[in-house]
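Structural characterization, general
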Amino acid sequence: MKLNVWIWMFALVTLVAASAWLPEDYEIFSLNDKVRGDLGATITFYSWLGVDKKSDTKEISKAYKKLLRRLHPDKVVGKSPRKKAEERFQRLSAVAEILRNKSLRRRYDYFLDNGFPKWKGTGYYYSKYRPGLIITILGLYLVSGLVHFMGLKINAKQDFKRLIEFKKVIKDQAWNGQLFPPVDGSDRKVVNEATGRQFVVNSIGDVFAVDDSNDDELVLLDESRINLSPSIKDTLIIRMPIFFWNFSVGKILPGLKVSLAKTETHPEPSSTNNNTNSNTKPKSKKKSNKGGKKIELPNGKVIYSRKKQQ
């Protein structure tokens, strides 16, 4: 707890310090970085002009004009790229302007004596390394994909817990709150008050939903059908390009369509008890149902179930 307080205090002090920089300070920071990046880490505005900190404005102007003639782009053609020569020429003018301005020179001397700050604020770094439109869109796309991936993992865990809790409620209702099944080993049919749907609990505690839209077929509520380890292939980073590919190229060349099916990494559910009571067993069709059925829980969430084996 004490460590967290110090972290927050440090962040607050850093924020206050960063917010105290003036626009002129950012100009000095940027120019200093460019000069040192071009001429060397030990170069200062004074050493570049060939003067010292005690030089007056007249001496600085004289040194500036001398160096200005020597670094004019027209005189360095062939020795260095034109663009680099022009940038250095403009940089020299900015340096002379700072040193001949009393207020700006005072600020520069302060940072020169006390050291330039390592953290200059997010605004400074954004303006220095400002990304282009394509890089910005790509960055947002990757971030949104990462957020989507984390959301898939969180939602899967929540759905897994909700289904287990929901099955427990149905089982308690069917067995009257007892931990063990009825002594006669019969299936028990109950109606959930929240949804009005019918469920069947067998003698080993498996919970089935009654699909009244399909001749009262029994489908198993199985939490193992929920994918607790979603793949990166399930996120927008992968699925969105595939969608647009199928929507464009896939329509013209159907053979090049890419499947958008989500990954299935969960284990197969264990076999269910075939011993059911004829008085409570609803009708069910004997047809193949390899895929999971969608069952809506009281909270509106949809989970996937599995047909009861006959």
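Conventions we followed
- Residues numbered from 1 in each chain as written.
- Predicted model: local features only at pLDDT ≥ 70, side-chain atom pairs only at ≥ 80, totals over all residues.
- Heavy atoms only, no water.
- Helix = DSSP H or I, 4+ residues; strand = E, 2+ residues; numbered from the N terminus.
- Buried < 20%, exposed > 50% of the residue type's maximum accessible area, 1.4 Å probe, protein only.
- Contact = heavy atoms within 4.5 Å.
- Areas by Shrake-Rupley, 256 points an atom, 1.4 Å probe, with all protein chains shown as cover.
- Patch = residues over 30% accessible without salt bridge, like charges linked within 9 Å, V, L, I, M, F, W, Y side chains within 5 Å.
- Salt bridge = Lys/Arg side-chain N within 4 Å of Asp/Glu carboxyl O.
- Lys, Arg positive; Asp, Glu negative; His and termini not counted.
- Charge placed at Lys NZ, Arg CZ, Asp CG, Glu CD.
- Core = buried A, V, L, I, M, F, W, Y, C linked by side-chain atoms within 4.5 Å.
- Polar contact = N/O pair within 3.5 Å; in protein donor to acceptor, adjacent residues only side chain to side chain.
- 1 Å grid on protein atoms, 1.4 Å probe; cavity = no way out; pocket = protein on both sides within 12 Å on 5 of 7 lines; lining within 4 Å.
- Points joined across faces, edges and corners; volume = space filled by probe spheres on them.
- Nonpolar A, V, L, I, M, F, W, Y, C, P; charged D, E, K, R; others polar.
- Phe/Tyr/Trp six-rings, centres within 6.5 Å; stacked < 30°, edge-to-face > 60°.
- Expected span 1.5 Å × (residues − 1).
- Arc of directions from axis to C-beta.

Concerning the overall build of the chain
Of the regular secondary structure elements, the chain holds 9 helices and 6 strands. Looking at the chain residue by residue over its 310 residues, the buried ones come to 33%. By sequence separation, contacts in the chain at least 24 residues apart represent 62% of the contacts at least 6 residues apart. For the chain, the accessible surface area stands at approximately 20,500 Å², while carbon and sulfur atoms represent 59% of it.

Focus: a positive patch on the surface
A cluster of basic residues, K58, K62, K65, K66, R69, R70, K75 and R100, forms a positive patch on the protein surface. Inspection of the secondary structure puts R70 in helix 4 (residues 57–70).

Quick notes on the environment of V51
Mapped onto the secondary structure, V51 falls in the loop between helix 3 (45–49) and helix 4. As a C-alpha pair, V51 and Y64 span 13 residues in sequence and 9.6 Å in three-dimensional space. For V51, the residues in contact, after removing those within four places along its chain, are Y46, E59, I60 and A63.

A closer look at the nonpolar core
Nonpolar side chains in soluble globular proteins tend to end up buried together. Core analysis: the largest hydrophobic core is formed by 27 residues, its most contacted members being F45, L49, L92, V95, L99 and Y108. Non-local contacts of L99, meaning those with residues more than four positions away in its chain, are made with F45, Y46, L49, I60, R105 and Y108. Judged by nonpolar contacts, the second largest core, of 14 residues, contains L163, V207, V219 and I226.

Side note on the environment of L31
Counting through the fold element by element, L31 comes out in helix 2 (residues 23–39). Taking the C-alpha atoms as reference points, L31 and A94, separated by 63 residues in sequence, lie 7.8 Å from one another. Aside from chain neighbours lying at most four places away, what touches L31 is F45, R91, A94, V95 and I98.

Looking at the pattern of salt bridges
Taken as a whole, this structure holds 9 salt bridges when the rule is applied. Close ionic contact of R162 with D159 constitutes a salt bridge, the shortest N to O distance being 3.1 Å. Taken together, the residues span about one helical turn, with R162 and D159 both in helix 8 (residues 133–174) at a distance of 3 residues. Residue D159 is classed as buried on the basis of its relative accessible area of 13%. Through salt bridges with shared partners, a single ionic network connects D38, E87, R88 and R91.

Some thoughts on the side chain of N227
Within the secondary structure, N227 is located in the loop between strand 4 (217–221) and helix 9 (236–252). Of note is the side chain of N227, whose polar atom sits 3.1 Å from the backbone nitrogen of S229.

Some points on unusual backbone geometry
The phi torsion at N176 lies on the positive side, around 60°, for a residue other than glycine. Along the polypeptide, N176 turns up in the loop between helix 8 and strand 1 (188–191). By relative accessible area, N176 is classed as exposed at 62%.

Some words on the layout of surface pockets
If you add up the space inside the second largest pocket, you get close to 160 Å³. I164, K167, K168, K171, D172, W175, Q178, L179, G205 and E223 together form the lining of the second largest pocket. Split by residue class, the lining of the second largest pocket holds 3 nonpolar, 2 polar and 5 charged.

Thoughts on the packing of aromatic side chains
Here a ring pair, both rings aromatic, is described through the centre-centre distance and the interplanar angle of the planes. The full count for this structure, using the stated rule, is 11 aromatic pairs. Seen from their ring centres, F29 and F116 are 6.2 Å apart, and the 75° between their planes marks the pair as edge-to-face. Separated by 87 residues along the polypeptide, F29 in helix 2 and F116 in the loop between helix 6 (102–114) and helix 7 (122–128) bring together distant segments of the chain. Neither residue differs from the other here; F29 and F116 are each classed as buried.

Focus on helix 4
For helix 4, spanning 14 residues, the distance from its first C-alpha to its last is 20 Å, which sits close to the expected 20 Å at 1.5 Å a residue. Inspection of helix 4 places I60, S61, A63, Y64, L67 and L68 among the buried residues, and these make up the whole buried set. Summarising the axial view, the buried residues of helix 4 lie within an arc of 165°, below the 170-degree limit, and thus occupy one face. Opposite its buried face, helix 4 presents the exposed residues K58, K62, K66, R69 and R70, each directed more than 90 degrees away.

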